[in-house]
Amino acid sequence: MQDFWIFGYGSLIWRPDFPFLESRPGNICHWSRRFWQGSHDHRGTKNRPGRVLTLIASEGKLCYGRAFRVTKEVLAHLDQREKNGYKRHDVSIQLPSTRVAGIVYIASQQNAAFLGDAPLEAIADQICQSEGPSGSNVEYLTKLADALKGLRINDDHVFRLDALVRKKLGLDTN
Ligand code: BEZ
C-alpha cells in the first residue's frame, strides 16, 4: 500500500475528516500561517467570502502543526475538499524523531480567491461576519486557536485574531 505524509496547519489540526494511519506533531521550515485566503465555499459565500488559512513563505520561520500518514484515497478526498485555490506542495516535515517527505496544501497569491494582507481589525471583522456551508468563520478561527493552545503551539497572528474576535463578540477569553 502506498502511503503519504500530509502536513496540517489549519482545520486538519482540529478536524481531520479522513482516516489516517498515524498522526504526529511536526513542523515545516520557512512558512507562516496567515488568514489571507478567501473562502466562498466553506466559511463564507460568493458575496461575503470568509477568511481562512494559507501559508506564506517566511525565511527562517518554523510552522508547527500536525502530520498525518494517509493512503492515496485521502489525497483524492482533500484535493476535492480544497479545490478553491489550494495546490499540493512537496515539503520536508520534521517529526519528533525523524524527517519525512510529505505534502502540504497551499493557496498561493496567484489563485483567484487570494485576499492577502489587511489590518488585523479588518480581518477580524470579516471573520465575525462570515458563514458558509461548513459553518461559521468564527468557529474555524476559535477552534484552531484552542487546538494550537492544546498542542502548546504559539502563533501570534492566530492568537491576536482570536483575542480580537472574542472581544468583538463578547465571547469568553482563555
Ligand atoms: C490544513 O489544515 O493544513 C489545510 C489548510 C488548507 C487547506 C488544506 C489543508
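Check the entry above for the structure.
Quick summary incoming for the structure in this document. (Residues numbered from 1 in each chain as written. Predicted model: local features only at pLDDT ≥ 70, side-chain atom pairs only at ≥ 80, totals over all residues. Heavy atoms only, no water.)

With that settled, the discussion passes to the overall build of the protein. A count of helical and extended segments in the protein gives 5 helices and 7 strands. Put simply, the protein runs from its N terminus to its C terminus through helices and strands in the order β-α-β-β-α-β-β-α-β-β-α-α. In terms of overall size, the protein behaves like a compact globule, its C-alpha atoms giving a radius of gyration of 16 Å where 174 residues would be expected to give roughly 16 Å. If one aligns the C-alpha atoms of the protein with their principal axes, the spans along those axes are about 45 × 30 × 30 Å. A total of 174 residues make up the protein; the buried ones form 48% of that total. Put simply, 72% of the contacts in the protein that link residues at least 6 apart link residues at least 24 apart. (Helix = DSSP H or I, 4+ residues; strand = E, 2+ residues; numbered from the N terminus. Rg over C-alpha atoms; globule rule 2.2 N^0.38 Å. Buried < 20%, exposed > 50% of the residue type's maximum accessible area, 1.4 Å probe, protein only. Contact = heavy atoms within 4.5 Å.)

Bringing helix 3 (residues 120-129) into the picture now. All of the buried residues in helix 3 are Leu120, Ile123, Ala124 and Ile127. In a view along the axis of helix 3, the buried residues occupy a sector of 100°, so they form one face of it. Here the buried face of helix 3 lies against strand 2 (22-39), strand 3 (50-71), helix 4 (137-150) and helix 5 (156-169). (Arc of directions from axis to C-beta.)

What follows concerns helix 4. The end-to-end C-alpha distance of helix 4, which contains 14 residues, comes to 20 Å, matching closely the 20 Å that a straight helix rising 1.5 Å per residue would cover. Along helix 4, the residues that are buried comprise Asn137, Val138, Tyr140, Leu141, Thr142, Leu144, Ala145, Ala147 and Leu148. Directly after helix 4, the chain includes Arg152, whose backbone phi takes a positive value near 60°. (Expected span 1.5 Å × (residues − 1).)

We now examine the pattern of salt bridges. Across all of its chains, the model carries 13 salt bridges by this definition. We note a salt bridge from Arg15 to Asp17, for which the minimum N-O separation is 3.9 Å. Here Glu139 makes a salt bridge to Lys143, at a shortest N to O gap of 3.0 Å. Residue Glu139 and its partner Lys143 are both found in helix 4; the two are separated by 4 residues, about one turn of the helix. Residues joined by salt bridges that share partners form a network here, namely Asp146, Lys149, Asp162 and Arg166. (Salt bridge = Lys/Arg side-chain N within 4 Å of Asp/Glu carboxyl O.)

Another point: the side chain of Asn137. Take Asn137: it is sitting in helix 4. Looking at Asn137, its side chain comes within polar contact range of the main-chain nitrogen of Arg51, at 2.7 Å. (Polar contact = N/O pair within 3.5 Å; in protein donor to acceptor, adjacent residues only side chain to side chain.)

Here we come to the site of the ligand. Contacts to the ligand come from Phe7, Gly8, Tyr9, Gly10, Ser11, Leu12, Glu82, Tyr86 and Tyr105. At 2.8 Å, a backbone N or O of Gly10 approaches an oxygen atom of the ligand. In the model, an oxygen atom of the ligand is placed 2.9 Å from a nitrogen or oxygen of the Leu12 main chain. Listed by contribution, the elements that provide at least two residues to the shell around the ligand are strand 1 (3-8) and helix 1 (11-14). (Near = heavy atom within 4 Å.)

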